Amino acid sequence: MNALISLMVAEPTGQVQQIAKTFGVDWPHLVAQIISFCIVCFLLHRFAYKPVLQILAQRQQLIAQDVADREKIKAELEHAEAERRRIVLQAEDKATKVIEEAHAAAARLLEKEMQKAISVAEQVITKAREAASLEHDRMLAELKREIGILVIEATATITRKMLTADDQRRMAEETVKSLARAA
């Protein structure tokens, strides 16, 4: 702009003057237009360009803040995902331990119940043997008694003809006593 002013102040008969005449330059109008243009530029700069730049700067800050927030949210999301994976792994470990403990408890319970069943079975077998033994002893005693009675009857039949009633009674008592001792 200073160059134009210096050209206008220069001598009007020079080469610039000829070029200006050739192109039809009217110096007073050109200077007025330059001044008007400068005023419009100043006003636009002051009232339009600065507010637009401020709005753009605010938007740029807002975008930068949004990007920072997005990065922060992304980091928090990754952290939450890692925490979720850690919790899932812990839950799986705990579930595995609980299942193992349940298997171990079931095995212990099974062993305990088997021992009880074996103990009960042994008791039943022992009682059955005792009952069989008692039944055997009872049957032997009954058999001895019946044999004794048969022997006495056979002997009595044979000896009745030879023994008196006192002898028969004494012999029956001795036989019962000997059978009682044998039982």
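Structure shown above.
(A) Structural context of the overall build of the chain. Tallying secondary structure elements over the chain gives four helices and zero strands in all. Here the chain, with 183 residues, has 3% of them falling under the buried criterion. A total accessible area of about 15,900 Å² is found for the chain, and carbon and sulfur atoms account for 65% of it.

(B) How the structure looks around the pattern of salt bridges. Following the criterion strictly, the structure yields nine salt bridges and no others. A salt bridge links Arg138 to Glu135, with the nearest nitrogen and oxygen atoms 2.3 Å apart. Of the two residues, Arg138 and Glu135 are both situated in helix α3 (residues 27-159); the distance of three residues between them amounts to about one turn of the helix. Arg138 sits in the partly exposed class, given a relative accessible area of 43%.

(C) Here's a closer look at the state of the cysteines. Here the structure, examined in full by the defined rule, presents zero disulfides. Of the cysteine sulfurs around Cys38, a residue in no disulfide, the closest is that of Cys41, at 6.4 Å. Among the residues examined, Cys38 registers a relative accessible area of 26% and is labelled partly exposed.

(D) Local environment of the environment of Gln168. Here Gln168 lies in helix α4 (residues 165-182). The class of Gln168 is partly exposed, set by a relative accessible area of 23%.

(E) Spotlight on a nonpolar patch on the surface. On the surface, a nonpolar cluster with roughly 540 Å² of combined accessible area is contributed by Ile35, Ile39, Phe42, Leu43 and Phe47. Its place among the elements puts Leu43 in helix α3.

Each value, and the rule that gives it
Residues numbered from 1 in each chain as written. Predicted model: local features only at pLDDT ≥ 70, side-chain atom pairs only at ≥ 80, totals over all residues. Heavy atoms only, no water. Helix = DSSP H or I, 4+ residues; strand = E, 2+ residues; numbered from the N terminus. Buried < 20%, exposed > 50% of the residue type's maximum accessible area, 1.4 Å probe, protein only. Areas by Shrake-Rupley, 256 points an atom, 1.4 Å probe, with all protein chains shown as cover. Salt bridge = Lys/Arg side-chain N within 4 Å of Asp/Glu carboxyl O. Disulfide = S-S within 2.5 Å. Patch = residues over 30% accessible without salt bridge, like charges linked within 9 Å, V, L, I, M, F, W, Y side chains within 5 Å.

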